[in-house]
Amino acid sequence: MADSSITVGYQILVFSAGLSFLAGFLINAFIVAVNISEWKKGRPMSTADKVITSLGISRMVFQVSCLLNIIWDIYFYRLRSLFIVSVIFLESTSVYSSIWLSTLLSVVFCLKISTLHNAFFLRLKIFVLNRVSCLITGSVIVSSSNILIVYSMANFAISNNSTRGTYNNLFLGLSISANIFLIVGPFLIYFISSVLLIIHLYRHMSQMRSERNTTSHLDIYHKTIKFTEFSLLCSTVYMLIEQTYPYFYDVFGLLGCYFFWQIFPTLHSIYLIYVTTKLRIQVSNMVHKLRRRCGDPKASVETVFQ
């Protein structure tokens, strides 16, 4: 009886986690679909929209690969195939790509909003904003290349038992350098750009208060500061879970670890929809259409007879 209750509870947990993955996937798919549809209509896509779209795709790949990994761990754990290796590779690549793209988004916001007139800042602004597409592609290529090198070294070290110590030391050094490059470096850039943006916004708000401007103009600055702080919090937790993955795996298992790992990017995507006017309008239109179809009898009758 106890075993059956545990089984039922575990199935409920699996179902709940699956729903959370599906919700996160649909939220990011909505962001990507709106931006791509606007681009197909001939409207220019801003630098921030390009990064947001790429970040949404990266998060979609992450959530799908995590879900496939959970299904494999529950039902096909005895099978070792190229499929699961590819899934793990996509998962790791999407993780580090998301970190780099989140950092790039923070830098883009900082460069676009800040009004510093330093020569280095102006050159950096021109370089980044004019080469966003190249930086997005480079983030994905760098992430996938580092993961491929680390995985290749791991397999090579395990297969060569005679010189295992040497290769393990080389693999450890390579893993540390890759970890610094893919985690510590982006996080420092992310943190610095976010702090600089918050400081700049607070200074500008204080100047506006001294000039006795209306408080309605300050609402945009408050929203931007809150979004920057929330984004930094989500990215910090996301990176900490990635760094302490074995601990989370031992405590919560694979299912719980993935659940906590993907919930913060999903919350960030929801907040991103809220603060982006274009995305928020699309959500309002969808809700309005849904209410008309569900709540207006006349609209329902017309729908049936069309």
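In this numbering scheme, every chain counts its residues from 1 along its sequence in written order. Per-residue local features are limited, in this predicted model, to residues with pLDDT of at least 70; the limit for side-chain atom pairs, both in listing and counting, is 80 or more; totals at the level of whole chains, interfaces and linings are taken over all residues. For the side-chain quantities, the full set of heavy atoms in the structure was used; hydrogens and water were omitted.

## As for the overall build of the chain
- Numbered from the N terminus, helices here are DSSP runs of H or I no shorter than four residues, and strands are runs of E no shorter than two. Along its length, the chain carries 10 helices and 0 strands.
- Along the chain, helices and strands appear, N-terminal first, in the series α-α-α-α-α-α-α-α-α-α.
- Each residue is assigned to one of three classes by its accessible area relative to the maximum for its type, calculated with a 1.4 Å probe on protein chains only: buried under 20%, partly exposed between the two thresholds, exposed over 50%. Going through the 306 residues of the chain one by one, you find that 37% of them count as buried.
- Should any heavy atoms of two residues lie within 4.5 Å, those residues are counted as being in contact. Sequence-distant contacts in the chain: of pairs separated by 6 or more residues, those separated by 24 or more amount to 73%.

## Quick word on the pattern of salt bridges
- Salt bridge, as applied in this entry: a Lys or Arg side-chain nitrogen positioned within 4 Å of an Asp or Glu carboxyl oxygen. The final tally for this structure, using the stated rule, is 2 salt bridges.
- Of the charged contacts, one joins Glu 38 and Arg 43 as a salt bridge, the two residues approaching to 2.5 Å between their closest N and O atoms.
- With a relative accessible area of 10%, Glu 38 lands in the buried category.

## Comments concerning the UniProt feature "transmembrane region" (unreviewed entry) in the chain
- Sequence positions flagged by UniProt for "transmembrane region" (unreviewed entry) are, in local numbering, residues 12–36, 57–77, 83–111, 132–158, 170–199, 220–241 and 247–274.
- In residues 83–111, the share of helix is 100% and the share of strand is 0%. The end C-alpha atoms are 41 Å apart.
- Between the end C-alpha atoms of residues 220–241 the distance is 32 Å, and the span holds 100% helix and 0% strand. UniProt positions are given in the numbering used here, feature names are shortened, and annotations may be inferred rather than shown by experiment.

## Topic: the nonpolar core
- Residues belong to one nonpolar core when they are buried, are Ala, Val, Leu, Ile, Met, Phe, Trp, Tyr or Cys, and are joined through side-chain atoms within 4.5 Å. Of all hydrophobic cores here, the largest spans 23 residues; its most connected members are Val 51 and Val 108.
- Those elements that provide at least two residues to this core are helix H1 (2–40), helix H2 (47–75), helix H3 (82–113), helix H4 (119–130), helix H5 (132–159) and helix H8 (245–275).
- Per element, the largest residue contribution to this core is 6 residues, and it comes from H3.
- The residues contacting Val 51, other than those within four sequence positions of it, are Leu 101, Leu 104, Leu 105, Val 108, Val 132 and Ile 136.
- Judged by nonpolar contacts, the second largest core, of 22 residues, contains Phe 62, Val 95, Ile 147 and Trp 261.

## Description of H8
- Here the expected length of a helix is defined as 1.5 Å per residue gap, with one fewer gap than residues. Relative to the 45 Å expected for 31 residues at 1.5 Å per residue, H8 spans just 31 Å between its end C-alpha atoms, considerably shorter than the ideal helical length.
- Within H8, the axis deviates most sharply at Phe 252, by approximately 115°. The quantity called bend is, for any residue, the angle between two axes fitted respectively to the seven residues ending at it and the seven beginning at it.

## Observations concerning the side chain of Ser 269
- Looking at the secondary structure, you find Ser 269 in helix H8.
- When sequence neighbours within four positions are dropped, the list of residues in contact with Ser 269 reads Ile 27, Asn 28, Ile 31 and Arg 59.

## Some details on the packing of H2 against H3
- Axis definition: a line fitted to C-alpha atoms, limited for helices to the stretch in contact. Angles are taken between N-to-C directions and run from 0 to 180 degrees. Two elements in contact, H2 and H3, have axes whose closest approach is 8 Å; the angle formed by their N-to-C orientations is 155°. Here H3 runs roughly antiparallel to H2, going by the angle between their axes. For the element pair H2 and H3, the recorded crossing hand is left-handed. Angle categories: roughly parallel below 35 degrees, roughly antiparallel above 145, roughly perpendicular from 65 to 115, and oblique for all the rest. Note: crossing handedness is left-handed where the near helix turns anticlockwise from the far helix by less than a right angle, and right-handed where it turns clockwise.

## Comments concerning the environment of Thr 236
- Topologically, Thr 236 is positioned in helix H7 (residues 218–243).
- Thr 236 sits in the partly exposed class, given a relative accessible area of 25%.
- In this structure, the C-alpha to C-alpha distance between Thr 236 and Tyr 190, residues 46 residues apart in sequence, is 9.6 Å.
- There is a polar contact of 2.6 Å between the side chain of Thr 236 and the backbone oxygen of Leu 232. In protein, a polar contact means a hydrogen-donor-capable atom and an acceptor-capable atom, both N or O and within 3.5 Å, with residues adjacent in sequence counting only if both atoms are side-chain atoms; elsewhere, any N or O pair within 3.5 Å suffices.

## Considering the packing of aromatic side chains
- Ring geometry is summarised as follows: Phe, Tyr and Trp rings, the Trp one being its six-membered ring, pair when their centres sit within 6.5 Å, and such pairs are stacked at plane angles under 30 degrees, edge-to-face over 60 and tilted between the two. Summed over all chains, the structure comprises 10 aromatic pairs.
- Centroid distance Phe 227 to Tyr 271: 5.7 Å. Interplanar angle 80°. Geometry classified as edge-to-face. Here Phe 227 is found in helix H7, whereas its partner Tyr 271 is found in helix H8, with 44 residues between them in sequence. Both residues of the pair, Phe 227 and Tyr 271, count as buried.
- With centroids separated by 6.0 Å and ring planes inclined at 55°, the aromatic side chains of Tyr 271 and Tyr 274 adopt a geometry described as tilted. Of the two residues, Tyr 271 and Tyr 274 both sit in helix H8, 3 residues apart, roughly one turn of that helix.

## A look at the packing of H2 against H8
- Running from N to C, H2 and H8 point in directions that differ by 160°, and their axes come no closer than 11 Å. Put simply, H2 runs roughly antiparallel to H8. The interaxial crossing formed by H2 with H8 has left-handed handedness. Residue-level inspection shows Ile 52, Leu 55, Arg 59, Phe 62, Gln 63, Cys 66, Asn 69, Ile 70 and Asp 73 of H2 in contact with H8, the latter providing Leu 254, Leu 255, Tyr 258, Trp 261, Gln 262, Pro 265, Thr 266, His 268, Ser 269 and Leu 272.
- Of the residues that constitute the contact of H2 with H8, the class distribution is 11 nonpolar, 6 polar and 2 charged. Each residue gets one label: Ala, Val, Leu, Ile, Met, Phe, Trp, Tyr, Cys and Pro are nonpolar, Asp, Glu, Lys and Arg are charged, and the others, such as Gly, are polar.

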